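Examining the three-dimensional arrangement
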Amino acid sequence: MSSPRIPGEAIPVGRDPAAPASAPRASVAIGFGSPSQDSGVTRLDLNEVLVKHPQATYLMRVSGSAMREAGIDSGDIVVVDRAITPAHGHVVIAIVDDEFVCRRLLRQGPQIRLQSAEPGHPEIVPREGEDVQIWGVVTSAIKSMPV
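Residues numbered from 1 in each chain as written. Predicted model: local features only at pLDDT ≥ 70, side-chain atom pairs only at ≥ 80, totals over all residues. Heavy atoms only, no water.

Helices and strands together make up the secondary structure of the protein, namely 1 helix and 9 strands. When the helices and strands of the protein are read in sequence order from the N terminus, they spell out β-β-β-α-β-β-β-β-β-β. Here the protein, with 147 residues, has 28% of them falling under the buried criterion. Residue pairs at least 24 apart in sequence account for 56% of intrachain contacts in the protein once pairs closer than 6 positions are excluded. (Helix = DSSP H or I, 4+ residues; strand = E, 2+ residues; numbered from the N terminus. Buried < 20%, exposed > 50% of the residue type's maximum accessible area, 1.4 Å probe, protein only. Contact = heavy atoms within 4.5 Å.)

What follows is the structure in structure tokens.
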């Protein structure tokens, strides 16, 4: 079996546990208030907010409109945690026919289906002998805003 095609790259994220505690950390300022005052502005480390399992978390860029109604648009970046056990209702990244797909996982006993959030996209129902692998659970979606 060939390696699955990755739209873009799956990029590991999070803090390198081998890095010293004094290593610089990426952060972003957030808050509300007057621009003339420093009150209300704090530093936020996106790794701490978005990543629960650094060694098992990846970023993937989504293409296609199958999950638009779930809030995931083409071009969005999803945070995928491979350490979370996939459960009924989770949005997941799955490997189907050597391709990554983003869909909602539906389980009924041992049977699984991968459901699109967009009307008109068919469900993916594995056929007898077909291998569908749940690669990871989507925990967040990061959107780009038009500028």
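From this point, things continue past the structure.
On to the nonpolar core, then. I72, V78, I93 and V138 are the most contacted members of the largest nonpolar core, which has 13 residues in total. Element by element, the count of residues in this core is highest for strand β6 (residues 91-96), at 3 residues. Not counting the four nearest positions on each side in its chain, I72 is found in contact with V62, M67, V78, V91, C102, V138, A141 and K143. Counting residues in each nonpolar core, the second largest holds 11 residues, with L105, I112, L114 and I134 among its members. (Core = buried A, V, L, I, M, F, W, Y, C linked by side-chain atoms within 4.5 Å.)

Our focus in this paragraph is the pairing of β6. With 6 of 6 residues buried, β6 is to be regarded as a mostly interior element. Across 6 bridges, β6 lies against strand β7 (residues 99-108) in antiparallel orientation. Paired with V96 across the two strands is E99, which belongs to β7. Hairpin connection between β6 and β7: a loop of 2 residues separates the two successive antiparallel strands, and D97 in this loop has a positive phi of roughly 50°. As paired elements, β6 and strand β9 (residues 132-142) share 5 bridges and run antiparallel to each other. Its bridge partner lying in β9, I93 is registered against G136. (Pairing = 2+ DSSP bridges.)

Attention shifts here to the pattern of salt bridges. One side chain can pair with another of opposite charge once the charged atoms of both are near each other. Counted under the stated rule, the structure contains 5 salt bridges. As a salt-bridge pair, R68 and E118 come within 3.2 Å of each other at their nearest N and O atoms. Within this pair, whereas R68 is found in the loop between β4 (57-61) and β5 (77-81), its partner E118 is found in the loop between β8 (111-115) and β9, the two being separated by 50 residues in sequence. For E118, a relative accessible area of 13% puts it in the buried group. (Salt bridge = Lys/Arg side-chain N within 4 Å of Asp/Glu carboxyl O.)

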